Amino acid sequence: MSPESPDPDPAPAAAPSAAAPGPASASAGSKPAGPPASAAAGRGPGARPTGPHGFSTPLWRAIAVFRAASVVYAVFLMAPHLDLLARPGVAWAVLVAMAAWTAASAVLYARPHRRGRALLATDLAVAFCCLAATAVAVEPGYLRMAPPLTTTWFAGAVLAAAVLGGRRIALVAALAHGVVDIAMRTGLGLAITAAVPRGVVLLLLAGYSVGYLANYAAVAERRLAEAVELEARTRERERLGRSIHDSVLQVLAMVQRRGAEAGGEAAELGSLAGEQEARLRALIGGRHGTSASDPAGADVGEGAEASSALAAAPTAWNAAPPAADLASLLDAHAGARVTVSAPATEVAMAPRRAREIDAAVREALGNVERHCPPEARVWLLLEHEGETVTVTVRDDGPGIAPDRLAEAAAEGRMGVAQSIRGRIADLGGTTEITTAPGQGTEIEMRVPG
C-alpha cells in the first residue's frame, strides 16, 4: 500500500512582509523609506519571499502540526504489525528521527531568515532517508499490510517544498517519492499495486495546489505592502503640501503679482516665480510624475517610483504591461502661461500612445512660444469620453493667417503637418485646427482611448 496523502487546508503563502513606512522628515526634500526588500532575496529556491508576520506564518505552523500528527499516525499504523518488522530497532529509530526532525523543522521554518535552500534540501534528504530505511526495517509482508514507515509524514516535506521552492520543486519531490517507493518494493520482491501510483498522484496534487496558492498569496502580499507604502507616501505628500502651501506657494504668488505690477525686469522675475509656483502645485498635488513612463517625472521620483512598482508588479494570473497616465504627462506642462485642466482620475493608455500625444502637445505649445507674444495665455484641456480621448490646446494669441499652414508645408516646415497631425493620424485619431486672425488658435486632437 502506498503512502497516504494529507488533505491540508493551506493558508496563504509567503511574501515579503513590509510594515508601512513611518512619516518622512518634516523638511522638504526628505524621502520616505524605499520599496520593501524581499526578505529572502537570493536565498530560497526561486527566491520566494517570506516575512515574519506575513501570510506564511500560519502556513508553516499548519505544516508543523501536520508533521506531528503524521508521526502519531505512523506509530498507530506500525503498532499492529510489529511481528512483520525485520529490524524493530531500525524501525523505532526511524520514527524517533521523524519525531526529532518534526520538532527541529518547526523551529527552523518559524524563523524567516532560516528558510532557504539549505534547510529545504535537508528537509527533503531526511524525508527520503526515512522512506528508504523502510526497506531495511521491515519484512516484505509489512508493505502488503501497511504503507512505508513514513506514511503521510513524507508529505510535510513536499508541502514545505511547494511553499518555499514553488510548484516545480514540489512536483519533482512527489515524483521522486514514487521512484523510491517502487524501487523499494521491487527490491523486496513485491508487486506494484494500484495504491502506489495513487499515492504519488495525491502527492502531486497536494504539492501543485499548495505551490499555486503560495505563489498567488505571495503576489497578493507584495502588492498589499506596496499599496501600504504608497498610501504612506501620499499622506506625507499631503502633509508637506499643506506646509508648502502656507509658506512657499504664497510667497511665489506674491512675487508673481508684484512683478507683474512693477513691470520691466521685475515682470520677468514674476513670470519665473509663476512658473515655479505652477510646477510646485502640480508636484504636491500628487499628479506630476506619477506615471511610470513620464519622462518629466524623473526628477520627482517618489510618486513615480511607488506607482510604477504597483503597475509593474508581476502576478500569477495577469502579465499585462503597465499603462501610462496621460493626465500626469500633460500636467507637467503647467506653468505661468499654461493652464492645464484634466480629470481627477488617471487617463490610462498604452505608454507609446501617451508619449505620442504628449509630443504633439509639446509641438503645439512650442508654436505658441515661437509665434505668440509673451503675454499670450494657453489653456490645455484633457477630456476622457468613453472610448475617446480629446486633448485641446487653445491660446489667445494673434491666430494663424489664412493659408499660412499650407504655405508652411510648401516651404518644408512640417511642424503642424507632421509633429501634430501626423502623430495623431498614426494613432488612428483626427486633428481639427480652428483659428482666425486676432482670435487665437484652437487645436483639438481626438484619439481612440
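Residues take numbers from 1 onward in each chain, read along the sequence in its written order. The predicted nature of this model means local features are confined to residues of pLDDT at least 70 and side-chain atom pairs, given and counted, to a pLDDT of 80 or more, with totals for whole chains, interfaces and linings taken over all residues. Water and hydrogen atoms play no part in the side-chain values, which are based on all heavy atoms of the structure.

A. The overall build of the chain, seen in detail. Going along the chain from the N terminus, every DSSP run of H or I of four or more residues is numbered as a helix, and every run of E of two or more is numbered as a strand. Per the secondary structure count, the chain includes 14 helices and seven strands. Taking all 449 residues of the chain together, 44% fall into the buried category. A separation of at least 24 residues holds for 74% of the contacts in the chain among residues at least 6 apart in sequence. Just so you have it, the chain exposes about 21,500 Å², and 60% of that area is on carbon and sulfur atoms. Using a 1.4 Å probe on the protein chains alone, a residue whose accessible area is under 20% of its type maximum counts as buried, one over 50% counts as exposed, and one in between counts as partly exposed. Throughout, a contact is declared for two residues whenever any of their heavy atoms are within 4.5 Å. Residue exposure ignores everything except the shown protein chains as possible cover, and the areas themselves are Shrake-Rupley values with a 1.4 Å probe.

B. Examining the pairing of strand β4 (residues 378-385) more closely. Of the strand pairs in this sheet, strand β2 (residues 338-341) and β4 are connected by four bridges, and their pairing is parallel. By the bridge assignment, V340 is partnered in β4 with L380. Both β4 and strand β5 (residues 388-395) contribute to a ladder of eight bridges, which runs antiparallel. Bridged to V378 within β5 is D395. Any two strands with at least two DSSP-identified bridges between them are counted as paired.

C. Fine view of the pairing of strand β6 (residues 430-435). In this structure, β6 lies alongside strand β7 (residues 441-448), joined through six bridges in antiparallel fashion. For T430, the partnering residue across the bridge sits in β7 and is R446. The antiparallel hairpin formed by β6 and β7 contains five residues in its connecting segment, where G438 sits at a positive phi of about 80°.

D. Region of the structure containing the packing of aromatic side chains. Ring pairs are drawn from Phe, Tyr and Trp, using the six-membered ring of Trp, whenever the two centres fall within 6.5 Å, and their geometry is named by plane angle: stacked under 30 degrees, edge-to-face over 60, tilted for the rest. For the structure shown, the criterion picks out three aromatic pairs. Summarising the aromatic geometry, the rings of W60 and Y109 are spaced 4.4 Å apart at their centres and angled 5° between planes, so their arrangement reads as stacked. In this pair, W60 is assigned in helix α1 (residues 56-78) and Y109 in helix α2 (residues 88-109), connecting sequence segments 49 residues apart. Accessibility expressed as a relative area gives 5% for W60, which makes it buried.

E. Expanded view of the sheet that holds β6. Across the sheet, which stays open at both edges, the five strands sit in the order β2-β4-β5-β7-β6 with mixed pairing between neighbours. Of all the strands in the sheet, just β2 and β6 have a single pairing partner and so form its edges. Strand after strand, the sheet turns through a mean of 10° between neighbouring axes, direction not considered. Helix axes are fitted to C-alpha atoms over the stretch in contact, other axes to C-alpha atoms as well, and angles between N-to-C directions run from 0 to 180 degrees.

F. A nonpolar patch on the surface, seen in detail. A patch consists of residues whose relative accessible area exceeds 30% and which take part in no salt bridge; residues with like charges are grouped when within 9 Å of each other, and nonpolar side chains (Val, Leu, Ile, Met, Phe, Trp, Tyr) when within 5 Å. When a carboxyl oxygen of Asp or Glu lies within 4 Å of a side-chain nitrogen of Lys or Arg, that pair is called a salt bridge. Together, Y208, Y212, L213 and Y216 make up a nonpolar patch on the protein surface, roughly 360 Å² of accessible area in all. Mapped onto the fold, Y212 is located in helix α8 (residues 195-262). Relative accessible area serves as the criterion here: at 33%, Y212 is assigned to the partly exposed category.

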